[in-house]
Amino acid sequence: MGVLSFLFSSSLGRKLVMAVTGIALIAFLLVHCLINAMVLLNDGGQTFNEAARFMAENPFIRISEILLFVGFLLHIAQGLYLTFDNRKRRAAKYTGNPGNANSKWYSRSMGFLGTIILIFLVLHLKHFWVVSRFHAPHALGEITYANGDTMENLFLEMASVFTNPIAVVIYVLGCFSLAYHLLHGFSSAFQTFGVNHKSYTPIIASVGAAFSIIVPLIFAIIPVVMHFGIIK
Amino acid sequence: MNINLKVWRQRNQNSEGRFEEYKVQASPDMSFLEMFDVLNEQLIEDGKDPVAFDHDCREGICGMCSMVINGRPHGPKQGVTTCQLHMRSFSEGDTIVVEPWRANAFPVIKDLSVNRGAFDRIIASGGYVSVNTGNAVDANSILIPKEVADEAFEAATCIGCGACVSACKNASAMLFVGAKVTQLSMLPQGQPERQARVVAMVNQMDAEGFGACTNTGACAAECPKQIPLSVIANLNREYYKAKLNGK
Ligand code: SF4
Ligand code: FES
């Protein structure tokens, strides 16, 4: 562990932890988003339910899930530590306010945006992950499709959660925070890895911006269309 | 032109500071520091304590003139130091708030003057090349490609002013350290101490109480020498490489 202790003791090490776990979470978001997008096929949730079953039963996915949890915890713990520790580095505050003259508001608000995402995440895990992984008593039961396949009906669980307008609003707000968090985080991770060059940094920035808009948008559309019964 | 000033006055490191308001008549062609000279002469004539502020070259190369003007280090213009900022960048009747660099690692000595000894200690920890004594070697005997020389020189234009720390919400010194590490790691003379240097300088930077970089980019936006953020990316690379080599 000696060689790696810098990951938790030095400012540059801590930043590397944020970037590595951040990229892992981005990869997770991509997979999650692709599966969610299947809801939009409007086939009564069959494709989506099948994909959800695959994710729940595949041993490789289950092992990745443990790694994902570790990644989340590291990202959250290290992020909170950095936010509070950095704040202490300037005990006497400025009176003059530069506004957004030298940096983007969301780049300066990663701790805040992250906290909103964390609150959303707790709620989100309670809504779906606990239900689908532990077959909690309030799970809405199973469904059998025409081909004889029987599986957990996560789609129905979604439809039921999103009948509540407050849940829809919280999910959409969570997606907004995620979009801005990613807008900084995506390219910031590459900067941390030391990947910065005038020929490809603009490409990373564009891909990052596209990812930060498209992925949260797909996430946010689903509660809205389900709430209004556009997808059933 | 008539200028209203709100200036931070603080007797010493341990005393509480506060803003004092002054009125100054300035010409648009004066530099910001010359406007402060006028203010100080006024204060001395009135038998009051003049405002302490750092300055030396007054031509943008020494890095001493640390003033946060309306919340921005070295004022509203990009790529200039306070001594190179002119009153024509302001308007008649403006109220200007002037504060010292604020960071725990840069304690206030008096008024607008801060102690930037932390930067000196970072340099002393590794920001140099060791050269054996003897005859000076002909500089042209070491071949350095033009692009490398240019990039190293760009990093070497850092004047150690500390505006990067002052602008950063985390009071991080990574643009400064990144500039020094980049300059030395690119040149042949910097190779023998390359890995030990970056680790020593980062350790010293952390020990001095600077915050951790979160890539907001405020440092590069406010740097009077326009040192690019890529020096921090380079610092990261150099540091992780050295760490993986067990330094
Ligand atoms: S990097 Fe720029 S802002 Fe920071 S000390 Fe050097 S010249 Fe000043
Ligand atoms: S006084 Fe030397 S840079 Fe301003």
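Everything numeric here is computed off the predicted structure, so don't read it as measured data.

K.L.:
I would appreciate a short explanation of the overall build of chain B in the present structure.
P.N.:
The secondary structure content of chain B amounts to eight helices and seven strands. In terms of overall dimensions, chain B has C-alpha extents of about 60 × 35 × 35 Å along its principal axes. Looking at chain B residue by residue over its 247 residues, the buried ones come to 51%. Across chain B, every contact between residues at least 6 apart in sequence was considered, and the portion connecting residues at least 24 apart equals 69%. When the accessible surface of chain B is totalled, it reaches about 11000 Å², and 48% of it is carbon and sulfur.

K.L.:
In this structure, what is going on with helix α9 (residues 201–227) of chain A? I would like to understand it.
P.N.:
Residues that lie three or four places apart on an α-helix share one face, since the helix turns once every 3.6 residues. Residue and element names in this part refer to chain A. Here α9 contains 27 residues, and its C-alpha end-to-end distance of 40 Å stays within 8% of the 39 Å for a straight helix at 1.5 Å per residue. Where the residues of α9 are buried, they touch α2 (11–37), α7 (154–161) and α8 (165–192). Backbone geometry just downstream of α9 places Gly 229 in the positive-phi region, at approximately 70°.

K.L.:
Mind showing me how you'd approach the side chain of Lys180(B) here?
P.N.:
Residues and elements named next belong to chain B. Tracing the chain through its elements places Lys 180 in helix α5 (residues 174–186). Although Lys 180 is buried, it forms no salt bridge, and the closest oppositely charged side chain is Asp 120 at an N-O distance of 9.6 Å. Residue contacts for Lys 180: discarding those within four places in its chain leaves Ile 123, Cys 158 and Met 201.

K.L.:
Please clarify how the interface of chain B and chain A should be interpreted in this entry.
P.N.:
Interfaces are often described in size by the accessible area the parts lose on coming together. Taken together, the contact between chain B and chain A spans 46 residues of the former and 34 residues of the latter. Carbon and sulfur atoms supply 52% of the area buried between chain B and chain A, which totals about 3200 Å² over both sides. In terms of surface lost to chain A, no three residues of chain B exceed Arg102(B), Asn215(B) and Tyr240(B), which account for 20% of the buried area on that side. The interface formed by chain B and chain A includes zero salt bridges. Counting across the chain B and chain A interface gives 26 residue pairs in polar contact (both at pLDDT 80 or more). Counting residues per element, the ones that place at least two in the side of chain B that touches chain A are β5 (95–99), α4 (163–167), α6 (194–207), α7 (218–222) and α8 (230–244) of chain B. The element best represented in the side of chain B that touches chain A is α8(B), accounting for nine residues. A per-class count over the side of chain B that touches chain A returns 24 nonpolar, 14 polar and eight charged.

K.L.:
Just checking my understanding: could you explain the site of ligand 1 for this structure?
P.N.:
Residue and element names in this part refer to chain B. The environment of ligand 1 is formed by 13 residues, the closest being Cys 158, Cys 161, Gly 162, Cys 164 and Cys 223. Of all the elements in the fold, those that place two or more residues in the shell around ligand 1 are α4 and α5. Here the residues of the shell around ligand 1 sort into eleven nonpolar, two polar and no charged.

K.L.:
Got a minute to help me understand the nonpolar core in this structure?
P.N.:
Note on soluble globular proteins: their nonpolar side chains tend to be buried together. By size, the foremost hydrophobic cluster in this structure holds 47 residues, and its most contacted members are Val165(B), Leu175(B), Met205(B) and Phe210(B). Mapped onto this core, the elements with two or more residues apiece are α1 (6–9) and α2 of chain A together with α2 (117–126), α4, α5, α6, α7 and α8 of chain B. Three or more residues apiece are contributed to this core by two domains, here domain 1 (2–110) and domain 2 (117–244) of chain B. Met205(B) has contacts with Ser11(A), Leu12(A), Ile122(B), Ala173(B), Met174(B), Val177(B) and Phe210(B), leaving out every residue within four places of it along the chain. Counting 26 residues, the second-largest nonpolar core is a separate cluster that includes Val7(B), Ala26(B), Leu43(B) and Leu112(B).

K.L.:
I tried to follow the pairing of strand β1 (residues 2–9) of chain B on my own but got confused; where do I start?
P.N.:
Every regular strand shows the same layout, with side chains that alternate between the two sheet faces. Residue and element names in this part refer to chain B. Pairing of β1 with strand β2 (residues 18–25), which is carried by eight bridges, proceeds in the antiparallel orientation. Note that in β2 the partner of Lys 6 across the bridge is Glu 21. In this sheet, β5 lies alongside β1 in parallel orientation, the contact comprising four bridges. Residue Lys 6 lies in a different strand from β5, and its bridge partner there is Val 97.

The rules behind each value
Residue numbers run consecutively from 1 along every chain, following the written order of its sequence. Ligands are numbered from 1 and chains lettered from A, in the order in which they are written. In keeping with the model being predicted, local features are shown solely for residues with a pLDDT of at least 70 and side-chain atom pairs are shown and tallied solely at 80 or more, while totals for entire chains, interfaces and linings include all residues. Only heavy atoms go into the side-chain values, all of them from the structure, while hydrogens and water stay out. In this text, helices come from DSSP runs of H or I with a minimum length of four residues, and strands from runs of E with a minimum of two, each type numbered from the N-terminal end. Think of it in three bands: with a 1.4 Å probe and only protein chains considered, a residue is buried below 20% of the maximum accessible area for its type, exposed above 50%, and partly exposed in between. Any two residues whose heavy atoms approach within 4.5 Å at even a single point are treated as in contact. Using a 1.4 Å probe, accessible areas were evaluated by the Shrake-Rupley method; residue-level cover was limited to the displayed protein chains. Take the residue count of a helix, subtract one, and multiply by 1.5 Å to get its expected span. For this count, His and the chain ends are skipped, Lys and Arg are scored as positive, and Asp and Glu as negative. By convention in these notes, a salt bridge is any Lys or Arg side-chain nitrogen within 4 Å of a carboxyl oxygen on Asp or Glu. The term buried area denotes the loss of accessible surface (1.4 Å probe radius) that occurs when two parts are joined, taken as the sum for both partners. Under the rule applied, a polar contact is a pair of N or O atoms within 3.5 Å (in protein, one hydrogen donor and one hydrogen acceptor; residues adjacent in sequence only if both atoms are side-chain atoms). Charged means Asp, Glu, Lys or Arg here, nonpolar means Ala, Val, Leu, Ile, Met, Phe, Trp, Tyr, Cys or Pro, and polar covers whatever is left, Gly included. Whether a residue is near a molecule or strand depends on its heavy atoms: if one lies within 4 Å, it is near. To form a nonpolar core, buried Ala, Val, Leu, Ile, Met, Phe, Trp, Tyr and Cys residues must be joined to one another through side-chain atoms within 4.5 Å. Each domain span listed reflects an automatic or database assignment of domains. Pairing between two strands is assigned when DSSP locates at least 2 bridges connecting them.

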